[in-house]
Amino acid sequence: MIYITTPIYYPNDRPHLGTAYTTLVADAVARYWRLKGEEVWFLTGTDEHGLKIARAAEERGMTPQAWVDHIVERFHEAWDLLDISHDDFIRTTEDRHTATVQALLTAMRDAGDVYEARYEGPYCVSCEAYYTEDQLVDGVCPIHERPTEIHAEDNYFFRLSAYADRLLAHIEANPEFVTPETRRNEVVSFVEQGLEDISISRASLTWGVPLPWDGSHVAYVWMDALINYVSAAGYLDEPDRFAATWPAWAHLVGKDILRFHAIIWPAMLMSAGLPLPRQIASHGFLLVGGEKMSKSRANQILPGDLVPTFGPDGYRYHFLRDVSFGPDGNFSWEGMAARYNADLANDFGNLVNRTLNLAERYRDGAVPAVAADGPDEAPLREGAAAAVEALAGFEEFKTKQALEGVWRLFRAANAYLEATEPWKLAKDPAQAGRLDEVLNASLEALRVGAIVTWPAMPRAAETLWARLGLDGGPGDGPLAETARFGTFPAVTVTKGDPLFPRIETDE
Ligand code: ME8
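Predicted model, so just to flag it, every value in this text is computed and none were measured.

K.L.:
It is not clear to me how the nonpolar core should be interpreted in this structure. Could you clarify?
P.N.:
Looking at soluble globular proteins, one finds that nonpolar side chains tend to be buried together. Core analysis: the biggest nonpolar cluster contains 99 residues, and Tyr315 and Phe319 have the highest contact counts within it. Not counting chain neighbours up to four residues away, the residues in contact with Tyr315 comprise Leu17, Ala20, Leu24, Leu82, Pro303, Leu306, Val307, Phe310 and Met336.

Right, here's the structure in full:
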């Protein structure tokens, strides 16, 4: 089972392009694995407890529960808009989760890893995290660039310090545990400096999961949040499902929350006696005008601002094709429009229009199932094979490389039409057989094209599939069989409207 997760998002505001990025990559990768024929469990959700949410609710004069119930709908809307295909959506206010938090923290306590002590220090509410004075930059939070607050409490602590050596050993023995490599190095040097125990509870807050052994404390929101990955896998009362699902194949996270996932979470799992996830894959930030897009900076662009212009597939394609998973990436409307017009309106969209147009014009959409395998067709076959091979980039979150590879098929198919000139063949009755072959090979390129674009652009791929008159869907898989370049079947294709209408950029 491929169990893949996104972070669970704080419902303190609606999701923006930055938050949507992790979910989008996870979706494309989940779809890739389904296409390969793997069983997949794709989880996302919301992180609903903690001080940040309690305050967001208070500012609106609402109870925290009423506020999160309201805002969680914005997440469902955004994921629907972007055709996100999660199998489960966990909310940390659900019973299945709160009971799991209590069970896991109890297991950590039973292991002797929890003790009580007083803590005082700077706290960033936006991060929901304590800092030490020397981690602050000019006295403010290094991530949110906002003032911190001094919090002082009697808290329960987790003996994180006891796990440094085991963590280092695990990372060394499993080089793929943290990716990309720069992030792994960062984690290693952080752990090598020694780990401090961390506070796992709050006595000053009521909006959280009560500690099972001391109801006057609630679990610290990050302890609560990380446990979602096992709650949703059935840790508490579905042993069979848990055994099939856990450990996760990959947790996808932004670089700002890497330490929670690559250090604290594995230590919690070790303490509770559970296996560690295979991989923590971390990406950079989406920037606008050089600044991190964020709720607290109020420079957010929402998926709903772009989808009406670019469609869900134009949106998905741009972020998967132009943002490398790892470094920071800059968002610009101009860059997105240029990419859309070049790759989708021109390369892919025109190919679809031309091919279906020719099939309708010369054969009323019914092209006989006759295949050619000559030197003219060789680049098509190679393009199809290259596209399938490149798709494996999704296994390492190399969405850009995967889609570059897919485009080799479309370039080959466009070049094939130019080289074989079916519009000339159509003028010579003696070439009717060759015209059938050329149309068949071109339709076959579209059929394979629909399959290999499905992880990135499911809606366009499914629309194309329907126009090709094929049974089932492009995502049915298994890829190794369905994407083999062969003979296009004797079905009837229909032209339809342009898949990707050009966007006028001079407005
Ligand atoms: O951190 N570019 O939630 P969150 C790219 N609840 N990614 C961005 C981004 C940007 N501009 N802005 C935010 C939390 N993100 C916790 C997670 S998981 C057990 C708990 C990403 O809503 C960010 O990097 O603040 C992070 O991965 C994710 O959005 C969640 O942010």
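K.L.:
In this structure, what is going on with the environment of Ser282? I would like to understand it.
P.N.:
Along the chain, Ser282 falls in strand S13 (residues 280–283). A relative accessible area of 0% means that Ser282 is categorised as buried. A sequence separation of 99 residues divides Ser282 from Arg183, and the C-alpha atoms of the two residues are 7.4 Å apart. In this view, Ser282 contacts Thr179, Pro180, Arg183, Val253, Gly254, Lys255, Leu258, Phe325 and Gly326; residues no more than four positions away in its chain are not counted.

K.L.:
Got a minute to help me understand the pairing of strand S4 (residues 114–124) in this structure?
P.N.:
On a regular strand, each side chain points to the face opposite its neighbour's, so the side chains alternate between the two faces of the sheet. Where S4 lies against strand S6 (residues 149–158), 10 bridges are found, and the strand directions are antiparallel. In the strand pairing of S6, Glu120 is matched with Ala152. Here S4 runs beside strand S5 (residues 129–130); their pairing, made up of two bridges, is antiparallel. Considered in S5, the bridge of Cys124 is made with Ala129. Hairpin connection between S4 and S5: a loop of four residues separates the two successive antiparallel strands, and Glu128 in this loop has a positive phi of roughly 55°.

K.L.:
Looking at this structure, how should I read unusual backbone geometry?
P.N.:
When glycine is set aside, most residues are seen to have a negative phi, and most peptide bonds are trans. The omega torsion of the bond from Thr179 to Pro180 falls at -10°, within 30 degrees of zero and hence cis. Note on placement: Pro180 falls in the loop between strand S7 (178–179) and helix H6 (181–192). A cis amide bond, omega -5°, links Gly477 with the succeeding residue Pro478. Residue position: Pro478 is located in the loop between helix H17 (458–467) and helix H18 (479–482). Even without glycine at this site, Glu128 takes up a positive phi of about 55°. As for its position among the elements, Glu128 is in the loop between S4 and S5.

K.L.:
What is the right way to read the pattern of salt bridges from this model?
P.N.:
For side chains of opposite charge, pairing can occur when their charged atoms come near one another. Tallied over the entire structure, the rule returns 31 salt bridges. When the shortest N-O distance is used, the salt bridge between Glu377 and Arg434 registers 3.0 Å. Separated by 57 residues along the polypeptide, Glu377 in the loop between helix H12 (333–363) and helix H13 (378–391) and Arg434 in helix H16 (residues 432–453) bring together distant segments of the chain. Three or more residues are tied together by salt bridges with common partners; here these are Arg321, Asp322, Arg339, Asp343 and Glu404.

K.L.:
Please clarify how the packing of aromatic side chains should be interpreted in this entry.
P.N.:
The geometry of an aromatic ring pair comes down to the distance between the two centres and the angle between the two planes. What the rule picks out here adds up to 31 aromatic pairs. Ring pairing ties together the aromatic residues Phe310, Tyr317, Trp333, Tyr340, Phe348, Trp407, Phe410 and Phe500, which thus form one cluster. The aromatic ring of Trp454 is capped on one face by Arg31, whose charged end is 5.0 Å from the ring centroid. Looking at Lys292, its charged tip hangs above the ring of Phe285, at a distance of 4.4 Å from the centre.

K.L.:
Would you mind showing me how to read the site of the ligand here?
P.N.:
Around the ligand sit 25 residues in total, of which Ile8, Asp47, Asp256, Leu286 and Met293 are the nearest. Measuring from a nitrogen atom of the ligand, one finds a backbone N or O atom of Leu286 at 2.7 Å. Calculation on the ligand without its partners gives an accessible area of 670 Å², and the protein chains cover 95% of this total. For the shell around the ligand, the elements supplying multiple residues, two or more each, are strand S1 (2–9), helix H1 (17–36), helix H7 (221–226), helix H8 (228–231) and strand S12 (250–254).

K.L.:
What is the right way to read the pairing of S13 from this model?
P.N.:
Residues Ile280 and Ser282 line one face of S13 and the alternating positions Ala281 and His283 line the opposite face, and both faces are buried. Relative to S13, S7 runs parallel, the two being bridged by two bridges. Within S13, the position partnered with Thr179 by the bridge is Ala281. Relative to S13, S12 runs parallel, the two being bridged by four bridges.

Thresholds applied
Residues numbered from 1 in each chain as written. Predicted model: local features only at pLDDT ≥ 70, side-chain atom pairs only at ≥ 80, totals over all residues. Heavy atoms only, no water. Core = buried A, V, L, I, M, F, W, Y, C linked by side-chain atoms within 4.5 Å. Buried < 20%, exposed > 50% of the residue type's maximum accessible area, 1.4 Å probe, protein only. Contact = heavy atoms within 4.5 Å. Helix = DSSP H or I, 4+ residues; strand = E, 2+ residues; numbered from the N terminus. Pairing = 2+ DSSP bridges. Salt bridge = Lys/Arg side-chain N within 4 Å of Asp/Glu carboxyl O. Phe/Tyr/Trp six-rings, centres within 6.5 Å; stacked < 30°, edge-to-face > 60°. Lys NZ or Arg CZ within 6 Å of the ring centre and 35° of its normal. Near = heavy atom within 4 Å. Polar contact = N/O pair within 3.5 Å; in protein donor to acceptor, adjacent residues only side chain to side chain. Areas by Shrake-Rupley, 256 points an atom, 1.4 Å probe, with all protein chains shown as cover.

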